[in-house]
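Below are the chains, spelled out letter by letter.
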Amino acid sequence: MRGQPSLCDVLTPRSLDEALSLRAACPEARPLAGGTDLMVPFAAGRLPDRLFLNLWGLEELRGITVSEDEVTLGALTLFREVAAHPLLQREFPNLVRSAKVTGALAIQSRGSLGGNIANGSPAADTPPSLLAYGADLELSSLRGARWVPYAGFHTGYKCSLLASDELITRIRLSRSREGGFHYFRKVGTRQAQAIAKVSLAAWGRVAGGRLQELRLALGSVAPMPIRATGTEGILLGQPVTELPFEAAHQALQADISPIDDLRSSARFRRRVAGNLLLEMLRGLGPA
Amino acid sequence: MSSPKILLKLTVNGESRQALVHPMARLLDVIREDLGLTGTKEGCGEGECGACSVILDGSLVNACLIPAIQVQGASLRTVEGLAGTDLSPLQEAFLHHGGAQCGFCTPGMLVAGTHLLEMEAVHDEAGAREGLAGNLCRCTGYVKIVDALLAAGEGRP
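Model, not experiment: these values are computed from the prediction.

Analysis parameters
Residues numbered from 1 in each chain as written. Chains lettered and ligands numbered in written order. Predicted model: local features only at pLDDT ≥ 70, side-chain atom pairs only at ≥ 80, totals over all residues. Helix = DSSP H or I, 4+ residues; strand = E, 2+ residues; numbered from the N terminus. Buried ≥ 20, exposed ≤ 12 C-beta atoms within 10 Å, placed from the backbone. Contact = placed C-beta atoms within 7 Å. Pairing = 2+ DSSP bridges. Axes fitted to C-alpha atoms, helices over the stretch in contact; angles between N-to-C directions. Nonpolar A, V, L, I, M, F, W, Y, C, P; charged D, E, K, R; others polar. Domains from an automatic or database assignment. Core = buried A, V, L, I, M, F, W, Y, C linked by C-beta atoms within 7 Å.

Description of the overall build of chain A
Move 1: When you go through chain A residue by residue, the secondary structure sums to 11 helices and 14 strands.
Move 2: Taken over the C-alpha atoms alone, chain A extends approximately 60 × 45 × 30 Å along its principal axes.
Move 3: Classification of the 287 residues of chain A by burial places 49% in the buried group.
Move 4: Put simply, of all contacts in chain A between residues at least 6 apart along the chain, 63% involve residues at least 24 apart.

Below is the structure:
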């Protein structure tokens, strides 16, 4: 290991209030949840941070709460907890499937939704599902808490709306998905452990033979997880028997901006993203 | 400049243990170097291979990805804790089916397999393979490891 634990210190708050006080007083302290992302560059000596804010023990950030209209997940909700939750399995299958393809069991026992979001990887598995379900995020600081749409939270590669004194505290999903359709597919070198080359999550609703609602989100094809709003615009309101496949495919190519990297090429990603879109759209047409 | 160390108190394989460690020391290094339990292996050091699998408060985790500060007061089981006077049924099954070749992945496989059996998550070959998906083996091709896990799950040799 080339990381240097001997040079690092950790602040461990006992409550969320104390965590927010420490966050305000020591903005240089890097928030640390389950560690599944941060410990990799840390151990390799690639993380510049020397002070950490340990959130792992904060009970206020745990738990899944279900009301008539909403499901609220604490930021420290683990992938394993998402995968095992019966209501999420029924109503938010994309989120469950994306949690189950995040690493493998040992990663799912430590990795959290809030950590996944805060880490800001464009290849993260759960963000496209959260975008497709129109999730909102609660960002908290000593100044108070604010809810923001998750779409728009990531402003660039590893950049976000999160202020230096804020923590992501909760994730909220609106229920009422009856009659909707769900699509999620991650393309990687294997099912477990592999980081996505491309992933696509969609949620929508067909009414009166037309596509009345659609949220389409992708991973690994832009500097951050994105909504494909141009593609959504082409498809919304169209009859499902005559969906404009070609125009939607072209719009998707304009929505995404993949790069060549060690896992894949931009060309492959464009092609696969298009194929996933077409697979999803074919699933909507007449059987 | 060195950061202050913490006195880490853990239950390890049923015994109370203590170690004076840096808070960001990896649990893997604490186990191997401070506790002297070298059965837990370092493969990739980045959560990909599962060679450092341990059971922490009932959850299967990669010890390479956990900082010491997050295991204060925890209960830890390593491969050294699997056998009692006799080998565990899973260990016996690994012997019977030839589930180990070079042996480097074996501690992680045994720990992950033990966890799956205790969670009653091994019902068929697909379940066994999915459960072990985070543990890489470069020798066996997995067939004999999966055979051993299924056998232990069915209570046969």
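There's plenty left to go through after this.
Quick look at the sheet that holds strand S1 (residues 9-11) of chain A
Residue and element names in this part refer to chain A.
Move 1: Here three strands make up an open sheet; going across it, the order is S1-S3-S2 and the pairing parallel. Across the chains shown, the open sheet's two edge strands, defined by having one partner strand only, are S1 and strand S2 (30-32). When strand polarity is set aside, the average angle formed by the axes of neighbouring strands in this sheet is 35°.

Quick look at the interface of chain A and chain B
As a measure of interface size, the accessible area lost when the parts come together is often cited.
Move 1: On the side of chain B, 28 residues touch chain A, which itself brings 26 residues to the contact.
Move 2: Of all the elements in the fold, those that place two or more residues in the side of chain A that touches chain B are S1, helix H2 (39-43), strand S3 (51-54) and helix H6 (105-108) of chain A.
Move 3: Residues that form the side of chain A that touches chain B fall into these classes: 15 nonpolar, nine polar and two charged.

As for the domain arrangement of chain B
Residue and element names in this part refer to chain B.
Move 1: Split into domains, chain B comes out as domain 1 (6-81) and domain 2 (89-153).
Move 2: Here the C-alpha centre of domain 2 lies 21 Å away from the C-alpha centre of domain 1.
Move 3: Domain 1 puts 13 residues into the contact, and the matching count from domain 2 is 11 residues.
Move 4: Sort the elements by how many residues they give to the side of domain 1 that touches domain 2 and strand S3 (residues 53-56) lands first, with three residues.

Quick word on helix H1 (residues 27-34) of chain B
Residue and element names in this part refer to chain B.
Move 1: For H1, the complete set of buried residues consists of Leu27, Leu28, Asp29, Val30 and Ile31.
Move 2: Next to the buried residues of H1 lie strand S1 (6-12), strand S2 (15-21) and S3.
Move 3: Phi turns positive one or two residues past the end of H1, at Gly36, with a value near 70°.

What about the nonpolar core?
Move 1: Ranked by internal contacts, the top residues of the largest apolar core, which has 132 residues, are Leu200(A), Ala202(A), Leu218(A), Ala273(A), Val54(B), Ala63(B) and Leu149(B).
Move 2: Counting residues per element, this core draws most heavily on helix H11 (residues 266-282) of chain A, which supplies six residues.
Move 3: Apart from the residues lying within four places of it in its own chain, the contact partners of Leu149(B) are Leu90(B), Gly113(B), Leu116(B), Val122(B), Ala128(B) and Leu132(B).

A word on the pairing of strand S5 (residues 70-74) of chain A
All names here are of chain A.
Move 1: Pairing between strand S4 (residues 64-66) and S5: three bridges, direction antiparallel. Bridge assignment links Thr65 to a residue of S5, and that residue is Thr72.
Move 2: Connecting the antiparallel pair S4 and S5 is a turn made up of three residues.

What about the sheet that holds strand S14 (residues 226-227) of chain A?
All names here are of chain A.
Move 1: Taken in spatial order, the four strands of this open sheet run S11-S12-S13-S14, and their pairing is antiparallel. The open sheet has two edge strands, strand S11 (180-187) and S14, and neither has a second partner.
Move 2: Where S11 meets strand S12 (residues 198-207), eight bridges bridge the pair, whose relative direction is antiparallel. Across the sheet, Phe184 pairs through a bridge with Ala201, a residue of S12.
Move 3: H11 contacts S11, S12 and strand S13 (210-219) of the sheet and is inclined by roughly 25° relative to S12.

Concerning unusual backbone geometry
Move 1: Residue Ser220(A) is not a glycine yet carries a positive backbone phi of 70°.
Move 2: At Tyr142(B), a residue that is not glycine, the phi angle is positive and equals roughly 75°.
Move 3: Mapped onto the elements, Tyr142(B) comes out in the loop between helix H4 (125-131) and helix H5 (143-153).

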